[in-house]
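Residue-level structure breakdown
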Amino acid sequence: MFAHPEYLYLLFFIPVFFIFFILRLKSNDRLLRSYIRESCLKVVVGFVYRKRQVFRFFILLMVFLFLILALARPQSRKEKQEVEIKGAEVMILADVSKSMLVEDMGGVSRLSVMKKELDKLVNMLAGQRVGLISFSGSAVLISPLTLDHSALKLFLKSLSPGEHTVQGTDFGSAFRIAGQALQRGSALDPASSARVVVVASDGEDNEAQALRMAKELTNQKVRIFALGFGTRQGGMIPVYDRQGNKVSYKKDRAGNPVISRFDESNLKKIAHTGQGAFYTVSLGGDTINRVYKDIQKVGKDMSSYELRNVYKEWYQYFVFIAVLFGFMYFLMGEKKKGDLKEWHSYLEKKS
């Protein structure tokens, strides 16, 4: 099996390159015959071993073949082992409502800054279970608690308002699904207080149940940390077409542009109810470092165990074989020995 099977698609290019190479050789032969007389052509072409030239290119393809297989990381399963996981379990709630498209953070959208900062947080939480929920007018569990942060980061990168048909900002729905996901996927003792919800939003909330659901999470011994994105001055909400081009700005019924402003009051209330903390995120700031440190304090001295498959890596052997083929490629020549003498004798006969 392979850890990254997506790289195996590159193997389709190898026969394509080989066919292209053969066609190129035939094309070169036709071109030579059109410019050089047949008697001279035998001497010129005779300087090169054609079979060796083809075989040398085949060796080069073998280099690429084994390098691609190494990239795919071939593995074999050894056994299951109990692995200790330290630290808190973290469920990230990412706001993808259309107000997050406002470009009031140094000319960059709130959504872009949020994804960048959450990506940094996931990197810092290496070795801890992390999950992801996206929400706007409704909430969707994108990833349950997992140690596979590479997949989680791909999900995070693809977040957009288009994945939700119901628009708005419903914190309550997001908190409810977060509570359910933490109960189902947690490996910690039910009495543990090392579960954390990190909600990232601009604070605009169209529902009244946010604080009630935040209180329910607190009763389950879940701490809530709130990250705020945007500015108090706010900005207009852009509207994009299907090709991703900005075509206009959202307007109200009177035809006036809708201004979305960062509302920190809602996020502060949520963080206070959730016995956590509130942070205002700025472009290029170190807020995420403080968030990480506070999460680690919650999960201090907490650990859980999980049975995980242990695999033996084989990629290094494929790299070694690729290197051997590389040496063969550079050591093997294409020209015949004594080709200059043959050329001189041919010229002497013509003189």
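The following refers to the structure shown.

A few words on unusual backbone geometry. At K221, a residue that is not glycine, the phi angle is positive and equals roughly 65°. Relative to the helices and strands, K221 is located in the loop between α7 (210–219) and β6 (222–228). Here Q275, not a glycine, exhibits a phi torsion of approximately 55°, which is positive. Mapping Q275 onto the fold places it in the loop between α8 (264–273) and β11 (277–280).

Taking strand neighbours across the sheet as the criterion, the six strands line up as β4-β3-β2-β5-β6-β11 in an open arrangement whose pairing is mixed. What marks the edges here is a single partner per strand, and that holds for β4 (139–146) and β11. Taking each pair of neighbouring strands and ignoring which way they run, the sheet shows an average axis angle of 15°. Sheet topology note: the strand β2 (residues 89–95)/strand β5 (residues 195–201) ladder contains six bridges and is parallel. Residue pairing for β5: A94 is matched across the bridge by A200. This element, helix α4 (residues 110–124), spans β2, β5 and β6 of the sheet and lies at about 170° to β2.

Reading the values: rules and limits
Residue positions are given per chain, counted from 1 along the sequence in the order it is written. Only residues with pLDDT of 70 or above have their local features reported here, since the model is predicted, and side-chain atom pairs are shown and tallied only from 80 upward, although totals for entire chains, interfaces and linings are computed over all residues. Where side-chain values are given, they derive from all heavy atoms of the structure, hydrogens and water being excluded. Numbering goes from the N terminus for both helices and strands, where a helix is a DSSP run of H or I of at least four residues and a strand is a run of E of at least two. Two strands pair if DSSP finds at least two bridges between them. All axes here are fitted lines through C-alpha atoms, helices being fitted over the stretch that makes contact, and every angle between N-to-C directions spans 0 to 180 degrees. We call two residues in contact when some of their heavy atoms are within 4.5 Å.

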